[in-house]
Amino acid sequence: MGAQAEEKMQLDQGHKFCVAPMMEWTDRHCRYFLRLISKHALLYTEMVTADAVLRGDRKRLLQFHVDEHPVALQVGGSDAAALAEAARIGAEFGYDEINLNVGCPSDRVQAGRFGACLMAEPKLVADLIAAMGESCKVPVTVKCRIGIDDQDAEESLDRFIDAVAEGGCRTFILHARKAWLEGLSPKENRDVPPIDYDRVYRMKARRPDLTIIVNGGIGSFAEAADHLAHVDGVMLGRAAYQDPYILAEVDQRLFGAEEPAPSRLEVLDSFMAYAEGELARGVRLNQMTRHILGLFHGQPRARAFRRVLAENAHLDGAGLDVLKAARNVAAGERSHAVAAE
Ligand SMILES: Cc1cc2nc3c(=O)[nH]c(=O)nc-3n(C[C@H](O)[C@H](O)[C@H](O)COP(=O)(O)O)c2cc1C
């Protein structure tokens, strides 16, 4: 196999199971936590605009822990030069992939002429991808919808994907519903437009040369595994955040890992070691623990675990003892009083 084909193989494998970019949710603490559960799931950052990368506090926005790999940076924008520079900087920070957001329907984003409204401008997106591809060596990918508003989800999407592939994009994450740009909030736009997985499968059948990832409404590992019969990969957003232990099946079932995933308590123990280091650097406990509330989802003591964290982690000076108390509760051990008493 030639080096290029080998690279593509690895990439295809690499996208088998992805965790979606989610603003306010998939920050570096969240990603570190998810990485403790699966070594292979590909994790995406929150969206960062190209302008923020160029003008913002770069270190704060982009720095991540070396253990987070493989990790992709999602950027937003519509200016080729700015996006090219943002991609270059992202790659320099060590991200394994740069992803362009062409799926976000928020008004704020439309005003900047990027996000989902770019689906109406395939040629522009192709130019953006080409510029980004030239400025960095890591793969540049696109996350988009199957259409916007009254676009014909058959013809328009074919045209969009073909044009953007021509610009050099080999990997597309398709949120399997349209974005309706008027009248729906971003939140409603994740639930109201009907889901159409078949449209995504048809794209894979039509363009087998491209890596096609399906996203939207996938609620469990079993559902994710079913999709893999039709496409190269799945991307889970809300389900992976609310029930992160879904990721525990990923390495063994999809990547041939021999070791079973760590137990929930082992994950928590590793996270405590991480939190200790971050607390010492001045990070507030709640900034980290807000992402782990779902760890015991569906388990007998899930609610008690969440309660200990929700009631204590935001308090001034909250430290590791709060996490220890939550652990005791989750493990079914005698609950120790928390802090300050
Ligand atoms: C809180 C939240 C924030 C999101 N932020 C982004 C974002 O920054 N970029 C993006 O492309 N999609 C964003 N999304 C959309 C998700 O990536 C995903 O496409 C969507 O939630 C559908 O997948 P799911 O049904 O598995 O959650 C966000 C979703 C949520 C719930």
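Source: prediction; values computed, not measured. (Residues numbered from 1 in each chain as written. Predicted model: local features only at pLDDT ≥ 70, side-chain atom pairs only at ≥ 80, totals over all residues. Heavy atoms only, no water.)

Some points on the site of the ligand
We count it as follows: Nearness here has a simple test: a residue counts as near a molecule or strand if at least one of its heavy atoms is within 4 Å of that partner. Contacts described as polar in this section are N or O atom pairs within 3.5 Å, which, within protein, must combine one atom able to donate a hydrogen with one able to accept it, while residues neighboring in sequence count only if both atoms come from side chains. Using a 1.4 Å probe, the Shrake-Rupley method yields the accessible areas, and only the shown protein chains count as cover for residues. A 1.4 Å probe that fits but cannot get out identifies a cavity on a 1 Å grid over protein atoms alone, an open set with protein on both sides within 12 Å along at least five of seven lines counts as a pocket, and a residue lines either if it has an atom within 4 Å of a point. Just a note on the criterion: a molecule sits in a pocket or cavity if more than half of its atoms are within 2 Å of the grid points. We call Asp, Glu, Lys and Arg charged. Ala, Val, Leu, Ile, Met, Phe, Trp, Tyr, Cys and Pro are nonpolar, and the rest, Gly among them, are polar.
Neighbouring residues of the ligand: 17 residues in total, closest Gln74, Asn215, Gly217, Gly237 and Arg238. At a separation of 2.8 Å, an oxygen atom of the ligand approaches a polar backbone atom of Pro21. The backbone of Gly217 places a nitrogen or oxygen atom 2.7 Å from an oxygen atom of the ligand. Here the ligand has 610 Å² of accessible area as a free molecule, and 92% of this is covered by the chains. When atoms are counted within 2 Å of each cavity's grid points, the one that captures over half of the ligand is the largest pocket. Partitioned by chemical class, the residues of the shell around the ligand number seven nonpolar, seven polar and three charged.

What about the nonpolar core?
Here is the rule: In this text, buried Ala, Val, Leu, Ile, Met, Phe, Trp, Tyr and Cys residues form a nonpolar core when linked through side-chain atoms within 4.5 Å. Relative accessible area decides the class of each residue, using a 1.4 Å probe on protein chains only: under 20% of the type maximum gives buried, over 50% gives exposed, and in between gives partly exposed. Each helix is a run of DSSP H or I of at least 4 residues and each strand a run of E of at least 2, with the numbering of both proceeding from the N terminus. Whether two residues touch is decided by their heavy atoms; if any such pair falls within 4.5 Å, the residues are in contact.
The biggest cluster of nonpolar side chains holds 112 residues, and the ones touching the most others in it are Phe17, Leu100 and Val142. Looking at this core, the element that brings in the most residues is helix H16 (residues 320-331), giving seven residues. Not counting residues within four places of it along the chain, the set of residues in contact with Val142 comprises Asn99, Leu100, Val102, Ile129, Phe160, Val164, Cys169, Thr171, Phe172 and Ile173.

Description of the packing of aromatic side chains
To be explicit about the condition: When two rings of Phe, Tyr or Trp (its six-membered ring) have centres within 6.5 Å they constitute a pair, described as stacked for plane angles under 30 degrees, edge-to-face for angles over 60, and tilted for the intermediate range.
With the rule as written, the count across this model stands at seven aromatic pairs. Consider the rings of Phe17 and Phe221, whose centres lie 6.4 Å apart with planes at 20 degrees: the pair is stacked. Taken as a pair, Phe17 in strand S1 (residues 17-19) and Phe221 in helix H10 (residues 221-227) lie far apart in primary sequence, 204 residues in all. Per residue, the accessibility class of Phe17 equals that of Phe221, and both read buried. Centroid distance Tyr32 to Tyr274: 3.9 Å. Interplanar angle 10 degrees. Geometry classified as stacked. Remark: Tyr274 occurs in helix H13 (residues 264-280) and Tyr32 occurs in helix H2 (residues 28-37); sequence separation between them is 242 residues. For Tyr274, a relative accessible area of 7% corresponds to the buried category. Aromatic rings pair up to connect Tyr32, Phe33, Phe271 and Tyr274 into one cluster.

Description of helix H15 (residues 302-312)
Short version of the rule: Working note: the arc is built from the helix axis to C-beta atom directions.
Within H15, burial applies to Ala302, Phe305, Val308, Leu309 and Asn312. All buried residues of H15 project into a common sector of 140 degrees when viewed along the axis, lining one side. Turned more than 90 degrees from where H15 packs its buried face, Arg303 and Ala310 sit exposed.

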